[in-house]
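# Results of the structural survey
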Amino acid sequence: MARPRIVIVGAGFAGYRTARTLAREARGRADITVLNPTDYFLYLPLLPQVAAGLLEPRRVTVSLSGTLREVRLVLGEADRIDLDGRTVHYTDPEGGTGTLPYDRLVLAAGSVNKLLPIPGVAEHAHGFRGLPEALYLRDHITRQIELAAGADNAEDCAARCTFVVVGAGYTGTEVAAHGQQFTEALVRSHPLRNGIRPRWLLLDVAERVLPELDAQLSRTADRVLRRRGVEVRMGTSVKEATGDGVLLTDGEFVDTRTLVWCVGVRPDPLAESLGLPLERGRLLVEPTLRVPGRPEVFACGDAAAVPDLEKPGQYTPMTAQHAWRQGTVAGRNVAASLSGGELRPYRHKDMGFVVDLGGAQAAANPLGVHLPGLPAGLVTRGYHLAALPGNRVRVAADWLLDAVLPRQSVQLGLVRSWSVPLDTASPELARVPGGHERRPVSGPGAALARDTRGPAGSGDDGSSPLVAPTPADATDGQESGSGSGTGSGAGEEDAPIVTPTPDVARDDPESGSGDDDSSPLVAPTPADATDGQESRSGSGSGPGDEDAPIVTPTPDVAKEDPESGSGDEDGPLVAPTPDVAKDGPGSDPAEDGSSPLVAPTPDAARNQPGGEPAKSRPGGEAAKNQPGGEAAKNQPGGEPAKNQPGGEPAGSRPAPGPVQRTHTRSEGDQ
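## What about the overall build of the protein chain?
Scanning the protein chain from N- to C-terminus turns up 14 helices and 27 strands. The buried share among the 670 residues of the protein chain stands at 61%. Taking the contacts inside the protein chain whose residues are at least 6 apart along the sequence as the reference set, 73% of them involve residues at least 24 apart. Counting every atom, the protein chain has about 24,800 Å² of accessible surface; 51% of that belongs to carbon and sulfur.

In structure tokens:
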């Protein structure tokens, strides 16, 4: 008799915990497969410490193959689930496709950044949901302080030293707390102009910091942040974002090059594609986590709307505490469904929460006991060490070294701004030119303007519950696939993005206001098609998004340039004749937008990076086929927005509905 096949989609807190529980319960009697885009489990509560230079990136990653015994790992992203055929169709990191048959399916796809219809946010902000975004933020902050130290005028210096964080839940609060300490450490080695200090603003429409927690924890966090100089502005949010700064809802315009979006999360769009009943974008399930009418399908974590038996009529919020426990129940119930055992409903009571505020400061209430200052800090770090399924010694060593040595203030420039856009269905993966990309969709999960956050009792990206796990359970302890120990409110929805007016988008930070490193955390707009390589004349060049001026390539070199996209990524890159070269990068785009990216001849090289400014430079007409700029037909970044500045109107826009994903292969995709 063939062994039953179990497929788990996603390896966040819920998926990882499900796989671990199933491996223990099945004991080799079932084939367990985990489908995940990365080969690691990301411990999100410590992600702010990666962005702040306190921990090295690999410290917060745990190998799936190394910790999930008797579980097969398949790298890829689920594109479509055939419920009738009981198969999962996926695309691997190199664009190849595959199919996984199943007898039992566990959907634990997690969540992605939640967007609101605010002009300029999608273009000028970055989220905080994955390792690439944390690495980018670390480099970006370092670069802004370095550029501020060498700025010629006080206005530019002050703008670069201003950092705006939107969302005062777990993620936003921890990012602001750790970020403020990071910038203070940076300015000790990069002195600023007299009278200028790093400025951090934490915004939220809620009445207080950490509104999902009790008032005492909120007051502790608020007091620590204000004492460090963070401007905590409750009842205030962003009305509009531009390349020069942000316009707040109270009418103030803040000059800044950094906008971090920590408003919350929304369910992974994969749930919408199933055609099953949804609750604000989340898949409706029974208390046993089984999908009604589909006894072979289970769902847990942020992608599932699980009835809260402690609060009849409500659903459990999208927090790690619930994702962790739901993973345990899902694993046991899947095993029971195969053996004819009884399925148990999901029940859970909170055991407390911890919020790491950097240094020795934290806010914690284990078992309802409120702890301030150093005791809270010790409990918080002790909990993280206990919950980590690996790397405990390395993490503890990094903490010890940070206490006695200065932090390293270098930027590696490995992640560019355009590769980590805010509006993505795959925050755990950095975008690559011509690579496969899951496209986010609107639909039942679309956010309304009033949905800045969910109801009380929910985090903004996943919460940090203080529940000491058993050694076998030491994986899922903090949040449901979110950054920095934060969670979104139950049923929070995604938002259709309002395309900014040309005047707003023209100020895209990647196009620079005088330099190419003045950007807030953004994915470049069409007018910035060349900014990944060169800024306007007279601007500074930073190695984060625009690592260095690019030398004009010779035809032989440009022929292999992986960064040069075309209307069709699979088309050959050939050296053009002088007549053809005029349509190459750096010159006027072809009228139909289909001009190939080609290596210029010497006559055309004056429009290449390092030569004379071309018409397609930032502020001019957009080059169509550049990575991160106006997307060509199959270019990463999706179809061009109809009102996007510098680009041609899209012929048609995809209608809200099931998830649509491209399947293109490009040489060198990661």
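Having seen it, we continue.
## Description of the environment of Val 62
With respect to the secondary-structure elements, Val 62 resides in strand E4 (residues 61–63). Measuring from C-alpha to C-alpha, the distance between Val 62 and Tyr 43 comes to 7.7 Å, with 19 residues separating the pair along the chain. If we skip the residues at most four places from it in the chain, Val 62 touches Tyr 16, Asp 39, Tyr 40, Phe 41, Thr 67, Pro 389, Gly 390 and Asn 391.

## Some remarks on unusual backbone geometry
The phi dihedral of Arg 27 falls on the positive side, at around 50°, and the residue is not glycine. Position of Arg 27 relative to the elements: it lies in the loop between helix H1 (13–26) and strand E2 (31–36). Phi at Arg 280 takes a positive value of approximately 55°, unusual for a residue other than glycine. With respect to the helices and strands, the residue Arg 280 is situated in the loop between strand E19 (278–279) and strand E20 (282–284).

## Quick notes on the nonpolar core
One broad rule of soluble globular proteins: the nonpolar side chains tend to lie buried together. Counting 113 residues, the largest nonpolar core has Ile 81, Val 88 and Leu 289 as its most contacted members. With near-sequence residues (within four places) excluded, Ile 81 lies in contact with Thr 87, Val 88, Tyr 102, Leu 105, Leu 107, Leu 270 and Leu 274. Counting residues in hydrophobic clusters, the runner-up holds 18 residues, among them Ala 125, Val 246, Leu 248 and Val 254.

## Concerning the pattern of salt bridges
On inspection of all chains with the given rule, the structure shows 19 salt bridges. A salt bridge links Arg 3 to Asp 31; the nearest nitrogen and oxygen atoms lie 2.4 Å apart. In this pair, Arg 3 is assigned in the segment before strand E1 (5–9) and Asp 31 in strand E2, connecting sequence segments 28 residues apart. Of the residues examined, Asp 31 reaches a relative accessible area of 32% and is grouped as partly exposed. One connected set of salt bridges, linked through shared partners, spans Arg 199, Glu 231, Arg 233, Asp 250 and Glu 252.

## Quick notes on the sheet that holds strand E7 (residues 87–91)
Spatially, E6-E7-E8 is the arrangement adopted by the three strands of the open sheet, whose pairing is antiparallel. With partners counted over all chains shown, the strands left at the sheet margins are strand E6 (77–82) and strand E8 (97–101), one partner each. Averaged over all pairs of adjacent strands, the angle between their axes in this sheet comes to 25°, without regard to strand direction. With five bridges connecting them, E7 and E8 associate as antiparallel partners. Across the sheet, residue Val 88 finds its bridge partner in E8, namely Leu 100.

## Regarding empty space enclosed by the protein
Under the criterion given, the structure shown has six cavities of 30 Å³ or more. The calculated volume of the largest cavity comes to roughly 480 Å³. Together, 38 residues line the largest cavity, and Ala 11, Gly 12, Asn 36, Ala 109 and Glu 428 are the ones closest to its centre. For the lining of the largest cavity, the elements supplying multiple residues, two or more each, are H1, E2, strand E3 (40–42), E6 and strand E10 (111–113). For the lining of the largest cavity, the residue count by class is 19 nonpolar, 13 polar and six charged.

## Quick word on the packing of helix H10 (residues 373–387) against helix H11 (residues 392–404)
At a minimum axis separation of 9 Å, H10 and H11 run at an interaxial angle of 155°. Compared by their axis directions, H10 and H11 come out roughly antiparallel. The handedness of the crossing between H10 and H11 comes out as right-handed. For the pair formed by H10 and H11, the contact residues are Arg 381, His 384, Leu 385 and Ala 386 on the first element and Arg 392, Val 395, Ala 396 and Trp 399 on the second. In the contact of H10 with H11, the residues fall into five nonpolar, one polar and two charged.

## Some thoughts on a nonpolar patch on the surface
On the surface, a nonpolar cluster with roughly 280 Å² of combined accessible area is contributed by Met 351, Leu 367 and Val 369. Looking at the element boundaries, Met 351 is found in the loop between helix H9 (320–339) and strand E24 (354–356).

## Thoughts on the packing of aromatic side chains
Enumeration according to the criterion identifies five aromatic pairs in this entry. On the numbers, 6.0 Å between centres and 55° between planes, the contact of Phe 13 with Tyr 43 is tilted. Of this pair, Phe 13 sits in helix H1 while Tyr 43 sits in the loop between E3 and helix H2 (47–51), and the two are 30 residues apart along the sequence. Each member of the pair Phe 13 and Tyr 43 is classed as buried. Through successive ring pairs, a cluster of aromatic residues spans Phe 13, Tyr 16, Phe 41 and Tyr 43. Over the aromatic face of Trp 324 sits the side chain of Arg 325, whose NZ or CZ is 5.4 Å from the ring centroid. Looking at Arg 381, its charged tip hangs above the ring of Trp 399, at a distance of 4.6 Å from the centre.

## Observations regarding the packing of H1 against H9
Taken N-terminus to C-terminus, the directions of H1 and H9 make an angle of 35°; their axes are 7 Å apart at the nearest point. Seen along the crossing, H1 lies across H9 with a hand that is right-handed. Residue-level inspection shows Phe 13, Ala 14, Arg 17, Thr 18, Thr 21, Leu 22 and Glu 25 of H1 in contact with H9, the latter providing Ala 323, Trp 324, Gly 327, Thr 328, Ala 330, Gly 331, Arg 332, Val 334 and Ala 335. Classifying every residue of the contact of H1 with H9 gives eight nonpolar, five polar and three charged.

Parameters at a glance
- Within each chain, residue numbers correspond to sequence positions counted from 1 in written order.
- A pLDDT threshold of at least 70 governs which residues receive local features in this predicted model, and a stricter bar of 80 or more applies before side-chain atom pairs are shown or counted, although totals over entire chains, interfaces and linings include all residues.
- Calculation of side-chain values draws on the structure's entire complement of heavy atoms; hydrogens and water are dropped beforehand.
- The helix count covers DSSP runs of H or I at least four residues long, the strand count covers runs of E at least two residues long, and both are numbered beginning at the N terminus.
- For every residue, the accessible area (1.4 Å probe, protein chains only) is compared with the maximum for its type, and the residue is labelled buried under 20%, exposed over 50%, or partly exposed between those bounds.
- Contacts: residue pairs with any heavy atoms within 4.5 Å of one another.
- Using a 1.4 Å probe, accessible areas were evaluated by the Shrake-Rupley method; residue-level cover was limited to the displayed protein chains.
- What we call a nonpolar core is a set of buried Ala, Val, Leu, Ile, Met, Phe, Trp, Tyr and Cys residues that are connected through their side-chain atoms within 4.5 Å.
- Any carboxyl oxygen of Asp or Glu that lies within 4 Å of a side-chain nitrogen of Lys or Arg is treated as forming a salt bridge with it.
- Strand pairing requires that DSSP identify at least two bridges connecting the strands.
- The angle between two axes is taken between their N-to-C directions and runs from 0 to 180 degrees, where each axis is a line fitted to C-alpha atoms and a helix contributes only its stretch in contact.
- Here a cavity means grid points, on a 1 Å grid over the protein atoms only, where a 1.4 Å probe fits yet cannot get out; a pocket means an open set of points with protein on both sides within 12 Å along at least five of seven lines; lining residues are those with an atom within 4 Å of a point.
- Grid points are joined across faces, edges and corners, and a volume is the space filled by probe spheres set on the points.
- Classification convention: Asp, Glu, Lys, Arg as charged; Ala, Val, Leu, Ile, Met, Phe, Trp, Tyr, Cys, Pro as nonpolar; all other residues, Gly among them, as polar.
- Angles below 35 degrees are treated as roughly parallel, those above 145 as roughly antiparallel, those between 65 and 115 as roughly perpendicular, and all remaining angles as oblique.
- Helix crossings get a hand from a simple test, with the near helix turned counterclockwise from the far one by less than a right angle marking a left-handed crossing and a clockwise turn marking a right-handed one.
- To count toward a patch, a residue needs a relative accessible area above 30% and no salt bridge. Like charges then connect within 9 Å, nonpolar side chains (Val, Leu, Ile, Met, Phe, Trp, Tyr) within 5 Å.
- Stacked, edge-to-face and tilted are the three classes for Phe, Tyr and Trp ring pairs, Trp counted by its six-membered ring, which pair at centre distances within 6.5 Å; planes under 30 degrees apart are stacked, over 60 edge-to-face, the rest tilted.
- The rule is short: NZ of Lys or CZ of Arg within 6 Å of the ring centre and within 35 degrees of the ring normal puts a charge over the ring.

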